[in-house]
Amino acid sequence: MTRPRKDKSLSIRFTPEERALLERLAAGTSLAQYIRELVLDEQISPRRKRHKFPVQDHEALSQVIGELGRTHIANNLNQIARAVNSGLLIMPSRETELVLLAACAEIHQIRNLIFKALGMKET
């Protein structure tokens, strides 16, 4: 019975500045994969890439975080849920309906910004 082949490791030490530079240059791929590609060029078989930084659009993500900070969606929806659960809000008024529709629109906009920031297709 043959034993499965074990990968051999190689250890290299870098200064903190060198490592930071390599991480920036790797731009989301693992350092090991980036260095392997630099050293071995096209002589290696491609490995499955796992992105270290899934964010595709940092500006869109900043917008999302800003939007979440400005809105009171969670608090407003919680207040509506309490009113419904306690029986104080039996038949929503037109004003309540408009507030709920506006909250839904804001949530939809935030959802789309998150999808964009992560490089996903909006549905």
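Please read these numbers as outputs of a predicted model, since none were measured by experiment.

Caption draft 1: Here's a closer look at the overall build of the chain. Assigned secondary structure in the chain consists of five helices and zero strands. For the chain, buried positions account for 17% of its 123 residues. Considering only contacts in the chain between residues 6 or more positions apart, those separated by 24 or more positions represent 52%. Here the chain displays about 10900 Å² of accessible surface, and carbon together with sulfur accounts for 56% of that area.

Caption draft 2: Local environment of the pattern of salt bridges. Going through the model one piece at a time under the given rule, you end up with one salt bridge. For the salt bridge of Glu23 with Arg19, the shortest nitrogen-to-oxygen distance reads 3.1 Å. Remark: Arg19 and Glu23 occur in helix H1 (residues 16-26); sequence separation between them is four residues, near one turn of the helix. According to the relative accessible area criterion, Glu23 is partly exposed, its value standing at 28%.

So, how was this worked out
Residues numbered from 1 in each chain as written. Predicted model: local features only at pLDDT ≥ 70, side-chain atom pairs only at ≥ 80, totals over all residues. Heavy atoms only, no water. Helix = DSSP H or I, 4+ residues; strand = E, 2+ residues; numbered from the N terminus. Buried < 20%, exposed > 50% of the residue type's maximum accessible area, 1.4 Å probe, protein only. Contact = heavy atoms within 4.5 Å. Areas by Shrake-Rupley, 256 points an atom, 1.4 Å probe, with all protein chains shown as cover. Salt bridge = Lys/Arg side-chain N within 4 Å of Asp/Glu carboxyl O.

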